[in-house]
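# Descriptive structure summary
What follows is each chain in one-letter form.
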Amino acid sequence: MAEIKIPGELLPKDGRFGCGPSRTRVEQLSNFLGQGASLLGTSHRQAPVKNLVGEIRQGLLDLFRAPQGYEVVLGNGGSTAFWDAAAFSMVEKKAQALVHGEFGSKFASALTNPWLEKPVVVNAPAGSRGEFEPSADIDSYVYPHNETSTGVVTAVKRAASSGLMFTDATSAAGGIDFELSETDVYYFAPQKNFASDGGLWLALLSPAAIERVESIAASDRYIPEFLSVKTALDNSRLNQTLNTPAIATLFLLNDQIQWINKNGGLKWADARTKQSSNLLYQWAERTESAYAFVANPDHRSQVVVTIDFDESVDASYITSTLRANGVVDVEPYRKLGRNQIRVATFVATEPAEVERLIASIDYILEQR
Ligand SMILES: *Cc1c(COP(=O)(O)O)cnc(C)c1O
């Protein structure tokens, strides 16, 4: 088959639609080359970088309209490191985990360890999700806000009257509105809606979560220093991290937080990702060969859209043709193995860009 060349006027202006690392805005990079340039290569223990960390911490409290007593903690290693940090530093004895995809399952594995009781796992098939089954012996309820591997969203809501709620918001944070009082640990990494680079984790902790951190740190449990949330908390209060952070990551993250806040905060971001994702869901509805992978409309994500194709279309032909035309990373999650495309509709992406992506896919469908 001859390679299809998508006409330039149909193509998105920026070809990045992946779920992370994801599209950065041009202004973030130009600001980095401006103000950011003098920060790079300077000490993270001195005022300029510490002030940057301070701005990030305050910016996130503002963005998430944090109730009194919530604090922003950060450390190195990304969300994956935070799973181990939480397992060492925050889960007391027994957790319950919603698992309906790759990321939920990885946290459940981190909780399956020699010092905790075996977690209760509520499994659901990919493309759907389960519900918590509250029980008095559970001290921690864990779930992904947005399961990035499948495009399934879960409402941020307390599951029980006791126990800490842990929300993996890696791909949701900054793109979906919610009430922070409904969770105790809202954690994420900056390479998704925050349009920055990887390697860092950030968590908003409630007063109850901070109390848990303090009490486990004071117990006789062994906690490696790199995975100690208490150490991260103490450092964060000084606008520092335990070890050297990537300064470019911090700068791009801060730029994105301030940009969202200036534009109207989380409500604005939420409306924008909804508009972008609706364009794709509506397109799937009117396209004969395409349909939303997530059957229940209430479970469909507004930041990660998964669209299946019937046997008349080879999705890998679409993704490879797009890639040859400079539109990248709409392949489905590698382990899901479906005839699917997966599109991030993070806040950095203008809805008009999603319209161009749709026009490009329609062109491929017509020309193939
Ligand atoms: C991307 C992602 C992760 C992994 O983040 P890292 O920073 O690469 O460790 C974890 N959870 C969810 C929901 C994600 O989307």
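Here the structure is a predicted model, which is why all the values come from computation and not from measurement.

Moving on, we get to the side chain of Asp 168. Structurally, Asp 168 can be placed in strand β7 (residues 164-168). Buried charged residue Asp 168 carries no salt bridge. Nearest counter-charge: Lys 192, at 7.4 Å. Within the structure, the side chain of Asp 168 is placed 2.5 Å from the side chain of Thr 170, a separation counted as a polar contact. Residues within four places of Asp 168 in sequence aside, it is in contact with Trp 83, Phe 103, Tyr 143, Pro 144, His 145, Asn 146 and Tyr 187.

A few words on empty space enclosed by the protein. Taken as a whole, this structure holds 3 cavities of 30 Å³ or more when the rule is applied. Volume-wise, the largest cavity comes out at about 90 Å³. Forming the walls of the largest cavity are Leu 74, Gly 75, Asn 76, Trp 201, Glu 225, Phe 226, Ser 228, Ala 232, Thr 241, Leu 242 and Asn 243. For the lining of the largest cavity, the element with the highest residue contribution is strand β1 (residues 71-76), accounting for 3 residues. Grouping the amino acids of the lining of the largest cavity by side-chain chemistry returns 5 nonpolar, 5 polar and 1 charged.

We now examine the pairing of strand β3 (residues 120-123). Regular strands have side chains that alternate between both faces of the sheet. Summarising the sheet, strand β2 (residues 95-99) and β3 pair through 4 bridges and their orientation is parallel. For Val 99, the partnering residue across the bridge sits in β3 and is Asn 123.

Orientation of helix α7 (residues 247-263) relative to helix α8 (residues 265-286), taken along the N-to-C sense of each, is 90°, at an axis distance of 6 Å. Regarding the angle of α7 to α8, the classification is roughly perpendicular. Where α7 abuts α8, its residues Trp 259, Ile 260, Asn 261 and Asn 263 lie against Gly 265, Leu 266, Trp 268, Ala 269 and Arg 272. When the residues that make up the contact of α7 with α8 are grouped by side-chain class, the tally is 5 nonpolar, 3 polar and 1 charged.

Considering only enclosed or pocket space, the largest pocket measures out at about 460 Å³ in volume. Cys 19, Gly 20, Phe 103, Lys 192 and Tyr 333 are the residues nearest the centre of the largest pocket, which is lined by 25 residues in total. Sorting the residues of the lining of the largest pocket by element identifies α3 (78-89) and α4 (102-110) as the ones contributing at least two each. Residue assignment places the lining of the largest pocket across two domains, with domain 1 (9-24 + 265-367) and domain 2 (26-262) each supplying three or more.

Glancing now at the nonpolar core. Leu 60, Phe 64, Tyr 186, Phe 188, Phe 194, Leu 202 and Leu 250 are the most contacted members of the largest nonpolar core, which has 49 residues in total. Only α2 (47-63), β1, β4 (140-144), β8 (185-188), β9 (200-205), α7 and α8 provide two or more residues apiece to this core. In terms of residue count, the dominant contributor to this core is α7 (8 residues). Looking at this core, you find at least three residues from each of domain 1 (9-24 + 265-367) and domain 2 (26-262). If near-sequence neighbours (up to four positions away) are discounted, Phe 194 is found in contact with Gln 28, Leu 60, Leu 63, Phe 64, Ala 173, Gly 174, Phe 188, Leu 252, Leu 253, Gln 256, Ile 257 and Ile 260. Counting residues in hydrophobic clusters, the runner-up holds 37 residues, among them Ala 95, Phe 166, Leu 205 and Val 229.

Structurally, Thr 273 can be placed in helix α8. Within the structure, the side chain of Thr 273 is placed 2.8 Å from the backbone oxygen of Gly 175, a separation counted as a polar contact. Thr 273 has contacts with Gly 175, Asn 193, Gln 302, Val 303, Thr 345, Phe 346 and Val 347, leaving out every residue within four places of it along the chain.

With respect to the helices and strands, the residue Ile 361 is situated in helix α10 (residues 351-367). Judged by its relative accessible area of 1%, Ile 361 is buried. If sequence neighbours within four positions are ignored, Ile 361 has contacts with Trp 283, Ile 318, Leu 322 and Ile 341.

Conventions used here
Residues numbered from 1 in each chain as written. Predicted model: local features only at pLDDT ≥ 70, side-chain atom pairs only at ≥ 80, totals over all residues. Heavy atoms only, no water. Helix = DSSP H or I, 4+ residues; strand = E, 2+ residues; numbered from the N terminus. Buried < 20%, exposed > 50% of the residue type's maximum accessible area, 1.4 Å probe, protein only. Lys, Arg positive; Asp, Glu negative; His and termini not counted. Salt bridge = Lys/Arg side-chain N within 4 Å of Asp/Glu carboxyl O. Polar contact = N/O pair within 3.5 Å; in protein donor to acceptor, adjacent residues only side chain to side chain. Contact = heavy atoms within 4.5 Å. 1 Å grid on protein atoms, 1.4 Å probe; cavity = no way out; pocket = protein on both sides within 12 Å on 5 of 7 lines; lining within 4 Å. Points joined across faces, edges and corners; volume = space filled by probe spheres on them. Nonpolar A, V, L, I, M, F, W, Y, C, P; charged D, E, K, R; others polar. Pairing = 2+ DSSP bridges. Axes fitted to C-alpha atoms, helices over the stretch in contact; angles between N-to-C directions. Parallel < 35°, antiparallel > 145°, perpendicular 65-115°, else oblique. Domains from an automatic or database assignment. Core = buried A, V, L, I, M, F, W, Y, C linked by side-chain atoms within 4.5 Å.

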